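Results of the structural survey
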Amino acid sequence: MDKYPGQKRAVQYLYPSIDPFDQRMIDMGDGHKIYVEQCGNPRGVPVIVLHGGPGGGCSPGMRRYFDPRVYRVVLFDQRGCGRSRPHASVTDNTTWHLVADIERIRETLGIDRFIVFGGSWGATLALIYGISHPERVRNLVLRGVFMMTRTELDWFYGGGAGQFWPEPWARFTDLIPEDERGDLIGAYHKRLFSGDMREETRFARAWSSWENALASVYSNGSGGDAPGDYARAFARLENHYFVNEGFLEEDGWILNNVDRLHGTPGVIVQGRYDMICPPRRAWELAEAWPDADLRMIRNAGHALSEPGISAELVRAMDQIAETLGQEQQGTGL
């Protein structure tokens, strides 16, 4: 759940723009080809960036949270979105396919362990990957925690967030007949997968606009009008994952398995006024994960591009770099 236009005030905290030193498509063998890029130091500390959505895709700005002298940064567009193909496809597209894709990328690039950096749905995927492959994770750095629970989906699509933002909520719900509004995820699913491209795009833009309207604490309630191709991939993939409750075995799966992260250091950067992913989930995660450092950012919402969020994420990555440098000095490396 993550897409909001960048705010210029956040740019001052980021590293300068850089270009990838490697770009490739990796064939996953089941009809999906995944776009992968690397930037920074080819011999640096590996970090993989997991974008939001599902369906959000990577952007050049995501390269800028890492000191390019220190980090080897790997970014990829998850199945069905961005530059990956087929576009907007939900076939063979589940959480467990994405976990397997991360493993395939790691093996293809010859990486033993990496830092996993993700926000919103990217934080969800980072946690699931870390729980599934704890031996492959050096650190977790999370932003805007979303744990794919029924409570979170009910908050955002059941009217909770709409109590604070009645105008965009009305725009989101008014497109659906009143007798279907008890299950907005299901109602939108029917229309996002109708087979009518015009209808799918129309409802995809409405789905995306509702989320975008609430992403930033600075929002005026206007979600904008995303390009049709982007909105359709974003909305279809996100809705597909939410209809299937993340393809997890049980509600609360992440917290129920978080003990597998014990010993793995983590940083959680959370906006105090995050309307999409309320802070209680981040607090619950930190309470259950002793190795996590929860950093609540005042006057911040959900968006990656908010100044306080960007500043703290860069600070967290710089602190990890400093710690790794001290460890190398201590071992004589």
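The preceding data block contains the structure.
All of these numbers come straight from a predicted model, not from anything done at the bench.

A count of helices and strands for the chain gives 11 helices and eight strands. Taken over the C-alpha trace, the chain has a radius of gyration of 19 Å; the compact-globule value for 333 residues is 20 Å, and the two agree within 12%. Along the first, second and third principal axes, the C-alpha set of the chain runs to 70 × 45 × 40 Å. Here the chain, with 333 residues, has 59% of them falling under the buried criterion.

This part takes up empty space enclosed by the protein. Rolling a probe over the atoms, with the probe sized like a water molecule, indicates the empty space that remains. Counting across every chain of the model gives two cavities of 30 Å³ or more. Its volume calculated, the largest cavity comes out at about 80 Å³. Around the largest cavity, the lining comprises 12 residues; the ones closest to its centre are Leu-50, Phe-117, Gly-119, Arg-143 and Leu-304. Mapped by element, the contributors of at least two residues to the lining of the largest cavity are strand E3 (45–50) and strand E5 (114–119). With three residues, E5 is the largest single contributor of residues to the lining of the largest cavity. Here the lining of the largest cavity is built from residues that sort into six nonpolar, four polar and two charged. Estimates place the volume of the second largest cavity at around 30 Å³. Lining the second largest cavity are Pro-54, Gly-55, Gln-78, Arg-79, Asn-93, Leu-98, Leu-237 and Tyr-241.

A few words now on the packing of aromatic side chains. Taken as a whole and assessed by the stated rule, the structure comprises 22 aromatic pairs. Ring geometry for Tyr-157 versus Phe-242: centroids 5.9 Å apart, planes at 55°, classification tilted. Of this pair, Tyr-157 sits in helix H4 (residues 150–157) while Phe-242 sits in helix H8 (residues 228–243), and the two are 85 residues apart along the sequence. A relative accessible area of 5% places Tyr-157 in the buried class. Judged by relative accessible area, Phe-242 falls into the buried class, the value being 0%. Members of the aromatic cluster, joined through ring pairs, are Phe-146, Phe-156, Tyr-157, Trp-169, Phe-172, Tyr-188, Phe-203, Trp-207, Trp-210 and Phe-242.

The next subject is unusual backbone geometry. In this structure, the amide linkage connecting Gly-53 to the following residue, Pro-54, adopts the cis form with an omega of 0°. Looking at where Pro-54 falls in the secondary structure, it is placed in the loop between E3 and strand E4 (71–76). Arg-85 connects to Pro-86 through a cis peptide bond whose omega is 0°. Secondary-structure assignment places Pro-86 in the loop between E4 and helix H2 (95–108). Positive phi outside glycine occurs at Met-148, with the angle close to 55°. By the secondary structure assignment, Met-148 is in the loop between strand E6 (137–143) and H4. We classify Met-148 as buried; its relative accessible area is 3%. Unlike most non-glycine residues, Glu-245 shows phi in positive territory, near 50°. Its location among the elements puts Glu-245 in the loop between H8 and helix H9 (253–256). Residue classification places Glu-245 among the partly exposed residues on the basis of a relative accessible area of 36%.

For strand E1 (residues 22–27) and strand E2 (residues 33–40), the ladder comprises six bridges, and the chain directions are antiparallel. When the sheet's bridge partners are listed, Gln-23 is paired in E2 with Glu-37. Where E1 folds back onto E2 in an antiparallel hairpin, the turn is made up of five residues, including Gly-29, whose phi is positive at roughly 85°.

Bringing the layout of surface pockets into the picture now. In this structure, the second largest pocket encloses a volume near 210 Å³. Forming the walls of the second largest pocket are 14 residues, and the residues nearest its centre are Asn-139, Pro-265, Ile-320, Thr-323 and Glu-327. Among the secondary structure elements, those contributing two or more residues to the lining of the second largest pocket are E6, strand E7 (266–271) and helix H11 (307–330). The residue makeup of the lining of the second largest pocket, split by class, is five nonpolar, four polar and five charged.

What follows deals with the sheet that holds E5. Within the open sheet, the eight strands sit side by side as E1-E2-E4-E3-E5-E6-E7-E8. Their pairing is mixed. In this open sheet, the two strands that pair with only one neighbour each are E1 and strand E8 (292–297). With strand direction ignored, the average angle separating the axes of adjacent strands in the sheet is 20°. For E5 and E6, the ladder comprises five bridges, and the chain directions are parallel.

Time to look at the side chain of Asp-101. Mapping Asp-101 onto the fold places it in helix H2. The exposure class of Asp-101 is buried, given its relative accessible area of 2%. Engagement of the side chain of Asp-101 in a polar contact is seen with the side chain of Arg-79, the distance being 2.7 Å. When neighbours within four sequence positions are excluded, Asp-101 is seen to be in contact with Met-28, Ile-34 and Arg-79.

Reading the values: rules and limits
- Residues numbered from 1 in each chain as written.
- Predicted model: local features only at pLDDT ≥ 70, side-chain atom pairs only at ≥ 80, totals over all residues.
- Heavy atoms only, no water.
- Helix = DSSP H or I, 4+ residues; strand = E, 2+ residues; numbered from the N terminus.
- Rg over C-alpha atoms; globule rule 2.2 N^0.38 Å.
- Buried < 20%, exposed > 50% of the residue type's maximum accessible area, 1.4 Å probe, protein only.
- 1 Å grid on protein atoms, 1.4 Å probe; cavity = no way out; pocket = protein on both sides within 12 Å on 5 of 7 lines; lining within 4 Å.
- Points joined across faces, edges and corners; volume = space filled by probe spheres on them.
- Nonpolar A, V, L, I, M, F, W, Y, C, P; charged D, E, K, R; others polar.
- Phe/Tyr/Trp six-rings, centres within 6.5 Å; stacked < 30°, edge-to-face > 60°.
- Pairing = 2+ DSSP bridges.
- Axes fitted to C-alpha atoms, helices over the stretch in contact; angles between N-to-C directions.
- Polar contact = N/O pair within 3.5 Å; in protein donor to acceptor, adjacent residues only side chain to side chain.
- Contact = heavy atoms within 4.5 Å.

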